[in-house]
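Next come the chains, spelled out residue by residue.
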Amino acid sequence: MATHRSDTPLYRRLARQLQERIDAGTYPAGSRLPSEPELSADFGVNRLTVRQAVAELERAAVLEIRRGVGTFVRPPAVRVSITVDPRSQRFDLGSVHRALPLDTALPEGTAGTVEGDGEAVVAAPAVGRSAEDDEAARQLGRATGELSRVDTVIRIGGRPRVANSYWVPTRPLPAELLRPGRPGNMVLALAGAAGVELEYDWRAFGAIGADLTDAELLGVPPGTPLLVREGVSCTPDGTPALYVRRRIDGSSARFVLHYREPGGTDGAGGSGPAE
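Presented here is an overview of the structure given in this document. (Residues numbered from 1 in each chain as written. Predicted model: local features only at pLDDT ≥ 70, side-chain atom pairs only at ≥ 80, totals over all residues. Heavy atoms only, no water.)

Examining the packing of aromatic side chains
Definition in use: Only Phe, Tyr and Trp rings take part, Trp by its six-membered ring, and two of them pair if their centres are within 6.5 Å. Stacked means planes under 30 degrees apart, edge-to-face means over 60, and tilted covers everything else. Strands are runs of DSSP state E lasting at least 2 residues, helices are runs of H or I lasting at least 4, and numbering of each runs from the N terminus. Only protein chains enter the accessibility calculation, which uses a 1.4 Å probe; a residue whose area is less than 20% of its type maximum is buried, one above 50% is exposed, and one in between is partly exposed.
Across all of its chains, the model carries one aromatic pair by this definition. Between the aromatic rings of Trp167 and Tyr243, the centroid separation amounts to 5.3 Å while the plane-to-plane angle is 45°, which identifies the pairing as tilted. Of this pair, Trp167 sits in strand S6 (residues 159-168) while Tyr243 sits in strand S9 (residues 240-249), placing them 76 residues apart in sequence. Accessibility assignment for this pair places Trp167 and Tyr243 in one class, buried.

Dropping the structure here:
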């Protein structure tokens, strides 16, 4: 094994060796790691050390342990692109759909998308039962009783990646739009139901630990770090018309802000909706 500080625990040194092999492509994204006995023989350490090293890399979101199946290398983080143009207000068409194309998270060499990928409704809970409902009412300048809420999940590469909650000052919403399992871009659907065009007002970014509901929706342990993107979209005259709160598995995505137009140097021109 490579030379490391003498006070570094053996399992951590092994974890670094495994990380180096992953970075070098010896164990590519999506591949199954050799078994504990194989790694033990390969590195000349006992199986307990291997188990501790693998657990360390799982905590670092490098590996995924699938009980009864094996240990797999996680794909690299999906880049959620956000183009910032301070000189114009871009139409909000649901940027997560544009920033997370459905084939970006598929293993290398896999064409197309996994059946069932995309956004689908999971619930349409009554408004007024949570702190998030109160915040939505405050941001939209309405009473909670005036709002409708829709919860969805976006699946990418066959796995749930983003949990979304939308609040709009429109009641009632069409029953078909709220049907569990209904697919489609919810921003477009809500704008259509309200008969309005939407533009960004503001967006904010943060992080939380997954609560029990989000943990179940995203298939992650409670407490897993989630990236949070929330904000208000408004009509062209500035009237708040949508509050959205997205929770994204922090092990599979990161936000990237772009301050120049692709293919340009001065931000002039246009390339579609803001991301």
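Here the narrative resumes, following the displayed structure.
Some words on the sheet that holds strand S5 (residues 148-156)
We apply this condition: The pairing criterion for strands is at least two bridges between them, as found by DSSP. Lines are fitted to the C-alpha atoms to define the axes, a helix being fitted only along its stretch in contact, and any angle between axes, read from their N-to-C directions, falls within 0 to 180 degrees. We call two residues in contact whenever any of their non-hydrogen atoms come within 4.5 Å of each other.
If you trace the six strands from one edge of the open sheet to the other, you get S4-S5-S6-S9-S8-S7, paired in antiparallel fashion. For this open sheet the edge positions go to strand S4 (118-123) and strand S7 (199-209), each flanked by a neighbour on one side alone. Neighbour-to-neighbour, the strand axes of this sheet turn through a mean angle of 25°, independent of strand direction. As paired elements, S4 and S5 share five bridges and run antiparallel to each other. From the neighbouring strand, Gly118 faces S5, where its bridge partner is Arg155. The strands touched by helix H5 (residues 131-140) within the sheet are S5, S6, S7, strand S8 (225-234) and S9, with S9 carrying the most contacts at an inclination of about 140°. Here helix H6 (residues 186-194) sits on the sheet and contacts S4, S5, S6 and S9; the angle it forms with S6, its principal contact strand, is near 20°.

A word on the pattern of salt bridges
We count it as follows: By definition, a salt bridge exists where a carboxyl oxygen of Asp or Glu is found within 4 Å of a side-chain nitrogen of Lys or Arg.
Per the counting criterion, the structure on display carries twelve salt bridges. Residue Arg12 pairs with Glu56 through a salt bridge whose shortest N-O separation is 3.0 Å. Of this pair, Arg12 sits in helix H1 (residues 10-24) while Glu56 is found in helix H3 (residues 47-59), placing the two residues 44 residues apart along the sequence. We classify Arg12 as partly exposed; its relative accessible area is 32%. Linking Arg149 and Asp151 is a salt bridge whose minimum nitrogen-to-oxygen distance equals 3.0 Å.

Topic: the packing of H1 against helix H2 (residues 36-43)
Threshold: Throughout, the term roughly parallel applies to angles under 35 degrees, roughly antiparallel to angles over 145, roughly perpendicular to angles from 65 to 115, and oblique to all others. When residues are grouped by polarity, Ala, Val, Leu, Ile, Met, Phe, Trp, Tyr, Cys and Pro land in nonpolar, Asp, Glu, Lys and Arg in charged, and all others, Gly among them, in polar.
H2 packs onto H1 with a crossing angle of 100° between their chain directions and a minimal axis gap of 12 Å. Comparing the axis directions of H1 and H2 gives the class roughly perpendicular. Of the residues in H2, those in contact with Leu14, Gln17, Leu18 and Arg21 of H1 are Leu39, Asp42 and Phe43. Its residues placed into classes, the contact of H1 with H2 shows four nonpolar, one polar and two charged.

With respect to the packing of H1 against H3
Spelled out, the test is: The sense of a crossing depends on the near helix, which, turned anticlockwise from the far helix by less than a right angle, makes the crossing left-handed and, turned clockwise, makes it right-handed.
Viewed as axis vectors pointing N to C, H1 and H3 meet at an angle of 60°, and their least axial separation amounts to 8 Å. With respect to their mutual orientation, H1 and H3 come out oblique. In this structure, H1 crosses over H3, and the sense of that crossing is right-handed. Of the residues in H3, those touching H1 at Leu10, Tyr11, Arg12, Leu14, Ala15, Leu18 and Gln19 are Thr49, Val50, Gln52, Ala53, Glu56 and Leu57. A class-by-class count of the residues in the contact of H1 with H3 yields eight nonpolar, three polar and two charged.

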